[in-house]
Structures are given as structure tokens and as C-alpha cells.
Amino acid sequence: MSGSLTSTTLRAAKWTYLSTAITAGLQIIVTAVLARLLTPDAFGLVAMSSLVLRFGQYFAQMGVGQAIVQRAELNDDHASAGFWASVMIGGVFSGAAWLLSPLAAPAFDAPRLAPVLQVMGLAFFITGTSTTSFALLRRAMRFRAIAVTEIVAYVIGYGGALVLAAHGAGVWALVFAGLCRTTVSSISYNVLARPILVPVTRWQPYRELLGFGTTVSFISFLEFLNSNLDTMVVGRLAGATQLGFYNRALSLTGLPMQYMSTSLSRVLLPSFSRVQEDTARARRAYVSLITIFAGIGLPIGFGMSGASSEIVAVLLGDQWTESVPVMRVVAVASVAAMLSHFGGILLEATAHLREKVVLRVAQLLGFIVLLLVLGRFGLTGYALAFAISESGQLIAQSAVLCRVLSMRVSDLVWAYAPGLTGGAAAAAMLYAESVAAESLSVPDGIVLMSQIATGAVVLISTALFVRRGQLYRVVRERARLPVRGWAGSLVRTADRVVGLDTNVESQVA
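Residues numbered from 1 in each chain as written. Predicted model: local features only at pLDDT ≥ 70, side-chain atom pairs only at ≥ 80, totals over all residues. Heavy atoms only, no water.

Participant: Looking at this structure, how should I read the overall build of the protein chain?
Facilitator: Looking only at helices and strands, the protein chain features 20 helices and zero strands. In terms of overall size, the protein chain behaves like a compact globule, its C-alpha atoms giving a radius of gyration of 24 Å where 509 residues would be expected to give roughly 23 Å. Principal axes of the C-alpha set define a box for the protein chain whose edges measure 60 × 55 × 50 Å. Evaluated residue by residue, the protein chain yields a buried proportion of 49% over its 509 residues. For the protein chain, restricting intrachain contacts to residue pairs at least 6 apart in sequence, the fraction spanning at least 24 positions comes to 81%. (Helix = DSSP H or I, 4+ residues; strand = E, 2+ residues; numbered from the N terminus. Rg over C-alpha atoms; globule rule 2.2 N^0.38 Å. Buried < 20%, exposed > 50% of the residue type's maximum accessible area, 1.4 Å probe, protein only. Contact = heavy atoms within 4.5 Å.)

Participant: Is there a simple way to explain unusual backbone geometry in this structure?
Facilitator: Excluding glycine, residues mostly carry a negative phi; peptide bonds, for their part, are mostly trans. One non-glycine residue, Arg194, adopts positive backbone phi at about 50°. Here Arg194 is to be found in the loop between α9 (171–193) and α10 (204–237). In this model, Arg467 sits at a positive phi of 50°, which is unusual for a non-glycine residue. Here Arg467 is to be found in the loop between α18 (444–465) and α19 (470–478). The partly exposed category is assigned to Arg467, whose relative accessible area is 40%.

Participant: For this particular structure, what's the right way to read a nonpolar patch on the surface?
Facilitator: On the surface, Phe218, Val361, Leu365, Ile368, Val369, Leu372 and Val373 cluster together into a nonpolar patch covering about 610 Å² of accessible area. A total of six residues in the nonpolar patch trace back to one element, the largest contributor, which is helix α15 (residues 353–374). Here Ile368 falls in the partly exposed class, since its relative accessible area comes to 37%. (Patch = residues over 30% accessible without salt bridge, like charges linked within 9 Å, V, L, I, M, F, W, Y side chains within 5 Å. Areas by Shrake-Rupley, 256 points an atom, 1.4 Å probe, with all protein chains shown as cover. Salt bridge = Lys/Arg side-chain N within 4 Å of Asp/Glu carboxyl O.)

Participant: Teacher, can you tell me more about the packing of α10 against helix α16 (residues 379–404) here?
Facilitator: Relative placement of two packed helices is described by the angle separating their axes and the distance separating the axes. Closest axis-to-axis distance for the α10/α16 pair is 10 Å, and the angle between their directions is 165°. Comparing the axis directions of α10 and α16 gives the class roughly antiparallel. Handedness of the α10/α16 crossing: right-handed. For the pair α10 and α16, contact is made by Asp230, Val233, Val234 and Leu237 and by Leu379, Tyr382 and Phe386, respectively. Considered class by class, the residues forming the contact of α10 with α16 number six nonpolar, no polar and one charged. (Axes fitted to C-alpha atoms, helices over the stretch in contact; angles between N-to-C directions. Parallel < 35°, antiparallel > 145°, perpendicular 65-115°, else oblique. Left-handed = near helix turned anticlockwise from the far one by under 90°. Nonpolar A, V, L, I, M, F, W, Y, C, P; charged D, E, K, R; others polar.)

Participant: Would you explain the packing of aromatic side chains in this entry?
Facilitator: Two aromatic rings, taken as a pair, are described by how far apart their centres are and by the angle between their planes. Following the criterion strictly, the structure yields nine aromatic pairs and no others. Centre to centre, the rings of Trp203 and Tyr206 are 6.0 Å apart; their planes meet at 15°, and the pair counts as stacked. Assessed through its relative accessible area of 53%, Trp203 is described here as exposed. Between Phe367 and Phe386, the aromatic rings sit 6.3 Å apart at their centres with planes inclined by 35°, giving tilted as the arrangement. On the criterion of sequence distance, the pair formed by Phe367 in helix α15 and Phe386 in helix α16 is long-range, its members being 19 residues apart. Judged by relative accessible area, which is 8%, Phe386 ranks as buried. (Phe/Tyr/Trp six-rings, centres within 6.5 Å; stacked < 30°, edge-to-face > 60°.)

Participant: Help me understand the environment of Leu359 in this model?
Facilitator: Within the secondary structure, Leu359 is located in helix α15. Counting along the chain gives 15 residues from Leu359 to Gly344, while the straight-line C-alpha distance between them is 9.6 Å. In this structure, Leu359 is in contact with Leu347, Gln393, Ala396, Gln397 and Val400, ignoring residues within four places of it in sequence.

Participant: Is there a simple way to think about helix α20 (residues 485–498) in this case?
Facilitator: Since the α-helix advances by 3.6 residues per turn, residues separated by three or four positions end up pointing in the same direction. Taking 1.5 Å per residue, 14 residues should reach 20 Å; α20 reaches 20 Å between its end C-alpha atoms and fits that length. Considered for burial, the residues of α20 that qualify are Gly488, Val491, Ala494, Asp495 and Val498. On an axial view of α20, the arc spanned by its buried residues comes to 120°, and they lie on one face. Facing away from the buried side of α20 by more than 90 degrees, the exposed set consists of Trp486, Leu490 and Arg496. Where the residues of α20 are buried, they touch α18 and α19. Looking one or two residues past α20, Gly499 carries a phi angle of roughly 85°, positive in sign. (Expected span 1.5 Å × (residues − 1). Arc of directions from axis to C-beta.)

Participant: Any chance you could explain the packing of helix α12 (residues 279–306) against helix α17 (residues 409–440) here in plain terms?
Facilitator: Relative to each other, α12 and α17 sit at 15°, their axes nearing to 7 Å. With respect to each other, α12 and α17 are oriented roughly parallel. As for the relative orientation of α12 and α17, their crossing is right-handed in sense. Looking at the contact of α12 with α17 residue by residue, the classes come out as 16 nonpolar, eight polar and no charged.

Participant: Just to check I follow, could you spell out the layout of surface pockets for this structure?
Facilitator: Over the atoms a probe the size of a water molecule is rolled, and this reveals where empty space is left. By volume, the second largest pocket is sized at about 340 Å³. Taken together, the residues of the lining of the second largest pocket sort by class into 13 nonpolar, three polar and no charged. (1 Å grid on protein atoms, 1.4 Å probe; cavity = no way out; pocket = protein on both sides within 12 Å on 5 of 7 lines; lining within 4 Å. Points joined across faces, edges and corners; volume = space filled by probe spheres on them.)

Spelled out as C-alpha cells, the structure:
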């Protein structure tokens with residue numbers, strides 16, 4: 001692979017970010033229209049079905065796609081085994097959804113749920129037909145083709161849903177949208193990747209893929225439990241109203257981190273897998289990745305913690321004030337969760353699954369204890385349990401990665417230095433603004449705009465001045481920054497501030 005791993009990853013990630021942004025924009029428009037054409041009951045039935053099917057998604061593909069992406073050496077037998085294994089497993093789960101769906105209707109007290117669940121369950125089989133092709137495209141870093149496919153599939157699927165909804169199809173318009181989107185994507189991935197369709201009769205390639213994939217599926221399920229255990233406990237013990245306060249705080253803090261990490265995550269596994277046997281290169285890439293995303297994520301997360309009172313008041317309203325103390329705590333946890341997610345991908349790419357299982361099991365057990373101990377302090381206690389769990393996972397994982405990557409602890413500490421410095425400054429300054437504005441009775445909207453401006457200044461200052469512009473230097477070396485026009489002028493100015501040669505264009509290190 002030419003160029004640096006980090007720069008290759010960032011170039012590929014721009015397509016996944018573009019796809020996410022366009023799809024999110026379309027989703028807002030489509031949702032607004034469908035909300036006027038369909039009843040809440042239709043959306044509720046699809047939400048119930050999605051919840052039931054979500055549990056099967058962790059095992060419906062048995063991690064075959066990840067195994068194909070991760071393998072250092074992939075031959076035709078592996079591709080063929082991956083295709084047929086995914087088709088058969090998907091078919092089994094679709095059949096199970098069809099047969100067992102009548103049992104879900106009484107659990108939700110929704111008689112109309114069964115047929116919706118049966119039809120939506122066909123997605124397991126449809127996805128199974130393209131799991132290998134999608135993995136091959138990711139392995140080849142063809143994220144432009146993937147992004148175009150996702151956008152086109154969304155337009156076709158939900159464009160059809162709008163037509164059906166306008167003609168009175170009800171809930172089946174939404175069901176059609178999901179299945180059509182999946183079908184279009186599957187056909188496109190298969191056309192682009194052209195997988196091996198001749199069945200392989202040897203058991204070895206199946207064993208190699210499924211041996212890795214089943215462990216990945218189990219880890220994913222553990223991650224699901226760690227991510228949702230607090231929500232389950234709050235809903236069970238504190239009731240729906242308290243869960244509403246807690247969930248809104250999680251959503252507000254988690255959304256920025258989700259947008260930052262989700263698209264990049266799809267690129268990281270194939271990127272790290274390419275250099276899984278080159279420890280030095282993987283180490284440099286990981287340190288650069290942490291420098292960038294901790295440097296950006298920690299000031300944002302800590303800043304949201306300091307400005308939580310204004311964020312809740314402006315975005316949610318005064319009736320949501322109980323979410324404020326929760327948000328102050330979980331904003332920190334959301335950043336830790338994002339950063340540990342990146343480390344988890346590296347462990348998976350280098351086939352250190354045993355370490356990853358141990359880390360997630362230990363986190364789950366510790367999380368249970370924390371919820372039991374701190375739950376007596378109400379929502380803030382649950383939030384603190386979540387923050388300690390995610391922060392502890394990040395620290396423990398970092399220790400493991402130092403061993404796996406033959407990395408000094410000091411190297412990782414310095415990678416976090418810009419983010420921790422900027423995060424502490426953002427939290428202190430934005431919270432001080434909040435306190436001062438409250439004493440002066442300044443409207444929340446004006447305060448929030450001021451806090452956003454202050455946060456931007458802190459972020460820029462962190463990039464340019466902490467440790468001689470360490471964050472900016474890493475971005476400058478790894479990404480293709482513009483060199484012409486007004487943007488190029490800003491880059492050259494920043495170069496002079498941190499002491500770089502302004503005559504040297506942005507390049508791939």
C-alpha cells in the first residue's frame with residue numbers, strides 16, 4: 001500500500017462521510033414527508049420488528065465479512081466459502097424469523113406485528129447473498145463505489161416508499177423501503193465485486209472464516225450489552241420518565257461522536273488489516289489516529305459537558321433540566337467509547353480476539369457492579385457508572401495495545417496530550433461562561449452561541465499551540481490539505497504559526 005496508512009484511511013473515509021452526510025440529509029426530508037403520509041402505528045410496528053431482528057443481526061452473518069477483510073492472505077476458496085456460508089446462514093435466520101415471528105406479537109401486544117416481522121426477516125437472506133462482495137469491496141478499499149451504492153439504494157428504496165405511502169400502503173411502504181434498499185445494495189455489491197460462486201467442498205476455508213467470525217459476533221454482542229445495559233437498568237428500575245431524561249442526554253452527547261467515528265470505522269478494519277504484520281507501521285498509524293481524534297473529540301466532548309445546561313435548554317426545552325447533570329457526565333463517556341472503539345478495531349485487525357473478549361467481559365462484569373453500587377444515587381449515579389466503565393475500558397485497552405504494538409506508554413500519553421489539554425480548557429471555559437451568564441440572566445440561546453465560538457477558539461488553539469502544534473502537524477502530514485485559494489492561505493498561515501516550511505505542499509507522509 002503506497003503512502004501512509006493514516007492518509008490512505010482518511011482518503012477512503014471521505015467517501016463514507018460523504019455517504020453518511022447525504023443519506024442523513026435525505027432521511028430528514030423523507031421522514032418529514034412519510035410522517036404526514038403514515039400513521040404513528042406504522043412506524044411503531046417497524047420499530048418493534050427492527051428491535052427483534054437486531055438481536056439476530058449479531059449472529060446472522062457470523063462475522064464472515066470481517067474475517068474476509070481481516071485475513072492477511074485470501075484465496076478463491078475463502079471467497080467461495082464466505083459466499084455460500086453467508087447465504088446459508090442468512091437463509092436459516094430468515095426462516096427462523098418467519099417461523100418464530102408469531103411468538104413476538106403477544107410479547108409486544110401487537111397482533112399485526114407477525115406478518116411485518118416475517119417479511120422484514122427476509123433481509124437476513126438478502127444481505128447474506130452480498131456479505132462476501134461487500135467485504136471484498138472493503139478489503140480493496142473501494143469506498144467510493146460503496147458510497148455511491150448506498151446513496152442510490154436509499155433513493156430507490158425510500159422513493160418507492162413515498163409512492164406506496166401516497167397510495168395508502170401504510171406500514172408496507174416502510175417495509176418495502178428497507179427490503180428494496182437492501183436488495184439494490186446487494187445486487188450492486190455483487191456486480192461490482194463479482195464473488196466466486198462455485199461452491200468449495202473443502203471444510204478448511206469454512207473453518208478458518210467461521211472460527212474468526214463467530215468470535216467477532218460474540219464480541220459484538222458483548223459490546224451491545226455494554227452499550228445498552230445502563231438503558232435497560234434505568235428503564236426497568238427508574239421508569240419511563242427517568243429513562244427519557246437519561247436517554248436524551250446520551251443521544252445529545254453520543255451523536256457528534258457517532259458522526260465522527262461511524263464512517264471511519266468501516267475504513268479502519270481493512271486499513272489496519274493490510275499492515276497487521278508490520279507492527280511499526282500499525283503503531284505509527286494508531287498513534288496518529290489517536291492524536292487526531294482525541295485532539296478533536298476530547299475538546300468537543302468536554303466542551304459539551306461544560307455547556308450542557310445551555311444545550312439542553314436550547315435543544316430540548318426547560319422541561320428537560322433533569323438531563324443536565326447526566327449530560328455533564330456521559331459527555332466524557334461518549335468520547336472514551338469512541339476512542340476505545342478504534343482500539344478494538346485494531347485488535348480485531350491484528351487477530352487479537354482473545355484479548356478483546358477478555359476486555360469486554362471484564363467491562364461487562366465491572367459495569368454490572370458499578371450500576372448496582374452507584375444506582376442508589378439516581379440518574380447521575382447511572383451516568384457515572386457508564387463513564388467509569390467506558391473510561392476504564394479505554395485505559396485497560398490502551399495497556400493491551402502498548403504490548404501488542406510494542407509501544408511505550410509515554411508515546412500514547414503524548415498522543416492524548418493535545419486532546420486532554422484542549423478538553424480541560426473547553427470544559428472550564430464553557431462552564432465558566434454558563435455560570436457567569438446565569439448570574440447575569442443572559443438568554444440561553446445567546447450563551448450557547450458564545451460557547452460554540454469559545455469552543456472553536458479552544459479547538460484551533462489546541463491544534464496550533466499545544467506541544468508546538470502536534471495535532472496540526474499530524475493532520476498536515478497525513479491529510480491532503482488545500483494549497484490554493486482562501487483555504488490554502490489559511491493552511492499556509494497555520495504552517496507559519498507552527499513553524500513548518502510554507503513552501504512545501506500538503507503531502508502524504
